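If you want the building blocks of each chain, they are given just below.
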Amino acid sequence: MNGHIDSGLGKIVIDTDVIATYAGSVAVECFGIVGMAAVSMKDGLVKLLRRDSLKHGISVAITEENKIRLNFHLIVAYGVNISTIADNLVSNVKYKVEEFTGMEIEKINIYVEGVRAID
């Protein structure tokens, strides 16, 4: 289901891929996040995604009340507090995606799929 905004002149429809791509670009700017992760269901392997395929590490759902639910699959930096990373991610993504779309974020789930050392 796509998000929608009713303006005075008509209806604006926002595709979930657009929201996922924007949320991914905001997320990788946050401190402590190495990148998005793709999890292979058949063998359980986690793969770090390139910057041009960020939306594959994020799932977006739009509720009946036209609110956004985001699921992030992340690889975080070694030695950084995961709780701090999550709090930073939630506050940045919530603010920027709500400003970008004009829709409210209902829930953000964060799944840490791996840890990598930063060079």
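Below is a short write-up of the structure. A quick note: this is a predicted structure, and the numbers were derived from the prediction, not measured.

**Topic: the packing of aromatic side chains**
One pass over the full model with this rule turns up one aromatic pair. Seen from their ring centres, Tyr 22 and Phe 100 are 4.1 Å apart, and the 15° between their planes marks the pair as stacked. Of this pair, Tyr 22 sits in helix α1 (residues 16-27) while Phe 100 sits in helix α2 (residues 82-101); the two residues are 78 residues apart in sequence, bridging distant segments of the chain. Note on Phe 100: relative accessible area 43%, which makes it partly exposed.

**Concerning the pattern of salt bridges**
Counting across every chain of the model gives four salt bridges. Measuring nitrogen to oxygen at the nearest pair gives 3.7 Å for the salt bridge that ties Lys 96 to Glu 29. On the criterion of sequence distance, the pair formed by Lys 96 in helix α2 and Glu 29 in the loop between α1 and β3 (33-39) is long-range, its members being 67 residues apart. Judged by its relative accessible area of 31%, Lys 96 is partly exposed. Of the residues examined, Glu 29 reaches a relative accessible area of 58% and is grouped as exposed. Between Glu 98 and Lys 94 there is a salt bridge, with its nearest N and O atoms 2.8 Å apart. Here Glu 98 and its partner Lys 94 are both found in helix α2, four residues apart, which amounts to about one turn of the helix. The exposure class of Glu 98 is partly exposed, given its relative accessible area of 23%.

**A closer look at the packing of α1 against α2**
At a minimum axis distance of 9 Å, the contact between α1 and α2 shows a crossing angle of 140°. One finds that α1 runs oblique with respect to α2. The element α1 and its partner α2 pack so that their crossing is right-handed. Between α1 and α2, the residues in contact are Val 18, Ile 19, Tyr 22, Ala 23, Val 26 and Ala 27 and Leu 89, Asn 92, Val 93, Lys 96, Val 97, Phe 100 and Thr 101, respectively. For the contact of α1 with α2, a count of residues per class yields 10 nonpolar, two polar and one charged.

**Here we look at the nonpolar core**
Among the nonpolar cores identified, the biggest contains 25 residues, and Ile 68, Leu 70, Phe 72 and Val 93 are the most heavily contacted of them. Counting only elements with at least two residues in this core, the list comes to α1, β3, β5 (58-62), β6 (68-77), α2 and β7 (105-116). With residues up to four places along the chain from it excluded, the contact list for Phe 72 reads Ala 23, Ala 27, Met 36, Gly 57, Ile 58, Leu 89, Val 93, Ile 108, Asn 109, Ile 110 and Tyr 111.

**Observations regarding the environment of Glu 64**
Residue placement: Glu 64 occurs in the loop between β5 and β6. With a relative accessible area of 69%, Glu 64 lands in the exposed category. A C-alpha to C-alpha distance of 9.6 Å links Glu 64 and Gly 3, two positions 61 residues apart in sequence.

Rules used throughout
- Residues numbered from 1 in each chain as written.
- Predicted model: local features only at pLDDT ≥ 70, side-chain atom pairs only at ≥ 80, totals over all residues.
- Heavy atoms only, no water.
- Phe/Tyr/Trp six-rings, centres within 6.5 Å; stacked < 30°, edge-to-face > 60°.
- Helix = DSSP H or I, 4+ residues; strand = E, 2+ residues; numbered from the N terminus.
- Buried < 20%, exposed > 50% of the residue type's maximum accessible area, 1.4 Å probe, protein only.
- Salt bridge = Lys/Arg side-chain N within 4 Å of Asp/Glu carboxyl O.
- Axes fitted to C-alpha atoms, helices over the stretch in contact; angles between N-to-C directions.
- Parallel < 35°, antiparallel > 145°, perpendicular 65-115°, else oblique.
- Left-handed = near helix turned anticlockwise from the far one by under 90°.
- Contact = heavy atoms within 4.5 Å.
- Nonpolar A, V, L, I, M, F, W, Y, C, P; charged D, E, K, R; others polar.
- Core = buried A, V, L, I, M, F, W, Y, C linked by side-chain atoms within 4.5 Å.

Everything listed is a geometric property; what it means functionally is a separate question.
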